[in-house]
Amino acid sequence: MHSKRLFKDIIRALSLAIDFDEGQRLNHAWRVAMLAYNTAKFMKLPESEMLYYAGLLHDIGAMGLASHINQYGPGMSIDPEARLHPGKGELIIKSLAPLRPLLNIIGNHHEHYDGSGFPNGIKGDDITIETSILTLADSLEIDLSGYEEPADIKNDQVVTMAEKYSGNLCRPDVVDAFISLLGNEPDLIKNLWNEVS
């Protein structure tokens, strides 16, 4: 087997391990990866493939928590254990040379454009476009997964969800790009949930 293919398969397997919670596969990381990849590709960013891998591994630092990181919900920002997972993720990724370009993206994926995020409280243009794309993808996936039938949600509802993050959680240009992507690919959300349901 070619080493590049093996490496990609190991990343996918690791992502599956991260995403199991009480014996159930949540598919959170895969959907975050696909949302981030499609947004980056729409924005014509050369790092679109790296964002796919960042999406798959963004919660790797949360392995070992009592529950899947998504279960922490709004309280994650104040839970001391949950707040550590971006930094732990950086330490793990740092040991894998081909993934080192993901360090900043994974370590900062809970930083907010308005400075209210964690772990370092960075803000504005100190947050890269790639990091903000991952933050938006992660937040939208969690929002959508809270619905009983996410695949049936209308795109105008998804647009409203994204707009509420513009200028506070995420860079406005990233939110605008995602909304334009949704206009170009109206079945994107439905397909992401139907593909793994």
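What you see is a predicted model; the values in this text were computed from it and never measured. The numbers attached to residues start from 1 for each chain and follow its sequence in the written order. In keeping with the model being predicted, local features are shown solely for residues with a pLDDT of at least 70 and side-chain atom pairs are shown and tallied solely at 80 or more, while totals for entire chains, interfaces and linings include all residues. Computation of side-chain values covers all heavy atoms of the structure but excludes hydrogens and water.

(A) The arrangement of the overall build of the chain in detail. Secondary structure elements follow DSSP: runs of H or I of four or more residues count as helices, runs of E of two or more count as strands, with numbering from the N terminus. In terms of helices and strands, the chain carries 10 helices and 2 strands. In the chain, the succession of helices and strands from N to C terminus is α-β-β-α-α-α-α-α-α-α-α-α. Out of the 197 residues belonging to the chain, those deemed buried represent 46%. Exposure was quantified through the Shrake-Rupley algorithm and a 1.4 Å probe, taking into account, for residues, occlusion by the shown protein chains and nothing else. Of the roughly 9,800 Å² that the chain leaves accessible, carbon and sulfur atoms contribute 52%. Only protein chains enter the accessibility calculation, which uses a 1.4 Å probe. A residue is then buried if its area is under 20% of the maximum for its type, exposed if over 50%, and partly exposed in between.

(B) Local environment of the environment of Asn191. In this fold, Asn191 is placed in helix H10 (residues 188–194). When the C-alpha positions of Asn191 and Ala151 are compared, they lie 7.2 Å apart, and in sequence the two are 40 residues distant.

(C) The arrangement of the environment of Asp176 in detail. Residue position: Asp176 is located in helix H9 (residues 172–184). Along the backbone, Asp176 and Ala162 are 14 residues apart, and their C-alpha atoms lie at a distance of 8.7 Å.

(D) Highlighting the packing of aromatic side chains. Aromatic contacts are taken between Phe, Tyr and Trp rings whose centres are within 6.5 Å, Trp giving its six-membered ring; a plane angle under 30 degrees counts as stacked, one over 60 as edge-to-face, and the others as tilted. In the structure shown here, the tally under the stated rule is 2 aromatic pairs. Plain terms: the ring middles of Tyr37 and Tyr52 are 6.4 Å apart, the flat faces sit at 80° to each other, and that makes the pair edge-to-face. Note that Tyr37 is positioned in helix H2 (residues 28–42) and Tyr52 in helix H3 (residues 48–57), a separation of 15 residues in sequence. Looking at Tyr37, the relative accessible area reads 24%, which means it is partly exposed. Ring geometry for Tyr52 and Tyr53: centres 5.3 Å apart, planes at 70°, overall edge-to-face. Classification of Tyr53 as buried rests on a relative accessible area of 6%. Clustering of aromatic rings is evident, with ring pairs tying together Tyr37, Tyr52 and Tyr53.

(E) Inspection of the packing of H2 against H9 at higher detail. The geometry of H2 relative to H9 is characterised by a closest axis approach of 9 Å and an angle of 95° between their N-to-C directions. As the angle between them shows, H2 and H9 are arranged roughly perpendicular. On the side of H2, the interface is formed by Leu35, Asn38, Thr39 and Phe42, while H9 contributes Ala177, Phe178, Ser180, Leu181 and Asn184. Each residue gets one of three labels, nonpolar for Ala, Val, Leu, Ile, Met, Phe, Trp, Tyr, Cys and Pro, charged for Asp, Glu, Lys and Arg, and polar for the others, Gly among them. Along the lines of polarity and charge, the residues of the contact of H2 with H9 split into 5 nonpolar, 4 polar and no charged. Orientation is described by axes fitted as lines to C-alpha atoms, over the contacting stretch for helices, and by angles from 0 to 180 degrees between their N-to-C directions. Every angle not falling under 35 degrees, over 145, or within 65 to 115 is termed oblique; those three ranges are roughly parallel, roughly antiparallel and roughly perpendicular. The contact definition used throughout considers only heavy atoms, calling two residues in contact when any of these lie within 4.5 Å.

Geometric values such as these leave the question of function open.
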